[in-house]
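Observations on the three-dimensional arrangement
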Amino acid sequence: MESIEYRDGYAYYDGHKFRKDIRSGYYLSTAKIDGNRKRLHVYVWEKFNGPVPQGYNIHHFDENKNDNQIDNLMCMTKSEHHTWHAKHDRAKMIDKWRKNLDKARIEASKWHKTPEGREVMSESHKGISPKKRYVKKCKNCGKSYRAAFNRSKFCSPKCQTAYRVKSGKDNITAKCLNCGKPFVKNEYSTGKYCSEKCGVEYRFKQNTFKAKGYTKNNNGRYIAYLSFNGKRIYLGSYSSPDQASKVHIEKSKELIKTF
């Protein structure tokens, strides 16, 4: 049996020259052989056995890529090859597998956001209703409920929101729009006042001078009034709209001074 000569990063066999790929560890022919650049171990196996069948790989028995003699080579299916490496090279291959999975996750995430991906996933999930196998206790209301996933903590989105609000996780300090004092509120709340009283006062100051402040009675006289805190305050009856409006403004200013 003709031996393989290894020298200075090259292998010489059967009149052909093969260069070692530092990254993969395999020897690759420097020139084409039968129209293709072949790996040394594949060339050796084919010399003795003929072309590699489709769907098969050539494997090194001892995993030593520097030993490419025919007695160190075997032909196995791709599935058998992957299974063998998964069993014998797990510690060595796990980092490589993780990197490949990370790349796959990134590409999958991009695809899921495309119109095609959204449509496919929407169609694939139609009619699917996961079984509610777990009996859980709601962290907010304490009621028992059934859930499809063991990680579930709340019986409804409403309870989840209520629990988050009570926890104060989203609390921030804001400035009251009426009195200017700081107060604590939920970050997602639309509240602008430190109290309901401040809200009533601010709305009154903003709206009172925009209103006419009077209505015309059936007898032709004008009724002046104030609307404050949901109540209408009667201010008297007058012969002209100007008089009624003037009273409305004066009483509004007096009320604002009490705030």
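Further up the page is the structure itself.
Everything in this summary refers to the structure shown in the same document.

Rules used in this analysis
- Residues numbered from 1 in each chain as written.
- Predicted model: local features only at pLDDT ≥ 70, side-chain atom pairs only at ≥ 80, totals over all residues.
- Heavy atoms only, no water.
- Helix = DSSP H or I, 4+ residues; strand = E, 2+ residues; numbered from the N terminus.
- Rg over C-alpha atoms; globule rule 2.2 N^0.38 Å.
- Buried < 20%, exposed > 50% of the residue type's maximum accessible area, 1.4 Å probe, protein only.
- Contact = heavy atoms within 4.5 Å.
- Areas by Shrake-Rupley, 256 points an atom, 1.4 Å probe, with all protein chains shown as cover.
- Phe/Tyr/Trp six-rings, centres within 6.5 Å; stacked < 30°, edge-to-face > 60°.
- Lys NZ or Arg CZ within 6 Å of the ring centre and 35° of its normal.
- Pairing = 2+ DSSP bridges.
- Axes fitted to C-alpha atoms, helices over the stretch in contact; angles between N-to-C directions.

A count of helical and extended segments in the protein chain gives 7 helices and 13 strands. Here the protein chain has a C-alpha radius of gyration of 42 Å; the compact-globule value for 259 residues is 18 Å, and the former is much larger. Here the protein chain holds 259 residues, and the buried ones make up 25% of them. Sequence-distant contacts in the protein chain: of pairs separated by 6 or more residues, those separated by 24 or more amount to 25%. Approximately 19,000 Å² of the protein chain is accessible, and the part contributed by carbon and sulfur atoms is 51%.

Of note, His88 is situated in helix α2 (residues 78-88). Relative accessible area serves as the criterion here: at 45%, His88 is assigned to the partly exposed category. The spacing of His88 and Arg7 is 81 residues in sequence and 30 Å in space, taken between C-alpha atoms.

Quick look at the packing of aromatic side chains now. Summed over all chains, the structure comprises 9 aromatic pairs. Relative to Tyr163, the ring of Phe154 has its centre 5.3 Å away and its plane inclined at 50 degrees; by these criteria the two rings are tilted. By way of ring pairs, the aromatic residues Tyr13, Phe18 and Tyr43 are connected into one cluster. Residue placement shows Lys65 over the ring face of Tyr26; its charged tip is 4.2 Å from the ring centre. Directly above the ring of Tyr225 sits Arg232, whose terminal nitrogen or CZ lies 3.9 Å from the centroid.

Attention shifts here to the sheet that holds strand β2 (residues 10-13). The strand order across the open sheet built from 4 strands is β1-β2-β3-β4, with neighbouring strands paired in antiparallel fashion. The open sheet has two free edges, formed respectively by β1 (5-7) and β4 (27-29), since each of these has just one partner strand. For this sheet, the mean inter-axis angle between neighbouring strands, taken without regard to orientation, is 30 degrees. Where strand β3 (residues 16-20) and β4 come together, 3 bridges link them in antiparallel fashion. Within β4, the residue paired with Arg19 across the bridge is Leu28.

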